[in-house]
Amino acid sequence: MSRLLRRICSRAVDVRAQPLIRRTADLRARLGGLQSGDNVSNVHRLFGDVNGDKSVNGLDLTAFRNAFGSVATDTNYVSFLDFNGDGAINGTDLSQFRNRFGVVLP
Ligand SMILES: [Ca+2]
Ligand SMILES: [Ca+2]
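Each chain has its residues counted from 1, running along the sequence as written. To read the labels, note that chains go from A and ligands from 1, taken in the order they are written. Confidence filtering applies because this is a predicted model: local features only for residues at pLDDT of at least 70, side-chain atom pairs given and counted only at 80 or more, and all residues used for totals across whole chains, interfaces and linings.

Trainee: Just give me the short version of the overall build of the chain, but keep the residues and values in it.
Mentor: A run of DSSP states H or I qualifies as a helix once it reaches four residues; a run of E qualifies as a strand once it reaches two. Both are numbered from the N-terminal end. The number of helices and strands found in the chain is three helices and zero strands. Secondary structure elements of the chain, listed N to C terminal, follow the sequence α-α-α. When the 106 residues of the chain are sorted by exposure, 10% land in the buried category. Sequence separation of at least 24 residues holds for 34% of the intrachain contacts in the chain that already meet a minimum separation of 6. With C-beta atoms placed from the backbone, a residue is buried if 20 or more other C-beta atoms are within 10 Å of its own, exposed if 12 or fewer are, and partly exposed between those counts. Once C-beta atoms are placed from the backbone, any two residues with those atoms within 7 Å are in contact.

So, in structure tokens, the structure goes:
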């Protein structure tokens, strides 16, 4: 790479990086430096829990029924109810749903 080309590339990176560096510095100043303490978030994953209430129950069953028999191109297909990811919500997925029906996470 020629010296001139390196200089141009270097400048191009610098120009794009400046606003981000400034914004980061502004944000740090507003926060009073680095944050102390931990940010704790609870995340759970339970196949069949459509509404995210940590249980698989009748409400989720209704949603599963609506999606049952659909394939990936259908409007009622719900990818997160396709347990094996084969593009169809069928008996295989229903078996997995049944295995978890009634499960309540703490
Ligand atoms: Ca649920
Ligand atoms: Ca499937």
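Continuing now.
Trainee: How would you sum up the environment of Asn51? Please name residues and give values.
Mentor: As for its position among the elements, Asn51 is in the loop between α1 (3–31) and α2 (58–67). Each C-alpha atom, one on Asn51 and one on Ala63, is 9.1 Å from the other, the two residues being twelve residues apart in sequence. Sequence-distant contacts of Asn51, that is, excluding residues within four places in its chain, are made with Leu59 and Asp60.

Trainee: Provide a residue-level description of unusual backbone geometry, including the pertinent values.
Mentor: Of note in the backbone geometry, Lys54 takes a positive phi value of approximately 70 degrees without being a glycine. Of note, Lys54 is situated in the loop between α1 and α2.

Trainee: Before we move on, could you go through the confidence of the model for the chain and cite the residues and values that matter?
Mentor: As a per-residue measure, pLDDT reflects the predictor's confidence and takes values from 0 up to 100. Residues of the chain with pLDDT of at least 70 account for 70%, and the chain-wide mean is 84. By mean pLDDT, α1 is the weakest element of the chain at 61, and helix α3 (residues 91–100) is the strongest at 98.

Trainee: Can you lay out the environment of Asn84 for me, pointing to particular residues and giving the numbers?
Mentor: Positionally, Asn84 belongs in the loop between α2 and α3. The class of Asn84 is exposed, set by 12 C-beta atoms lying within 10 Å. Remark: the alpha-carbon pair of Asn84 and Gln96, spanning twelve residues in sequence, is separated by 9.3 Å. Not counting residues within four places of it along the chain, the set of residues in contact with Asn84 comprises Thr92 and Asp93.

Trainee: So what about the environment of Gly69? Which residues, and what values?
Mentor: Within the secondary structure, Gly69 is located in the loop between α2 and α3. A count of 14 C-beta atoms within 10 Å places Gly69 in the partly exposed class. For the pair Gly69 and Gly91, spaced 22 residues apart in sequence, the C-alpha to C-alpha distance is 8.6 Å. Those residues in contact with Gly69 that lie beyond four places of it in its chain are Ile89 and Asn90.

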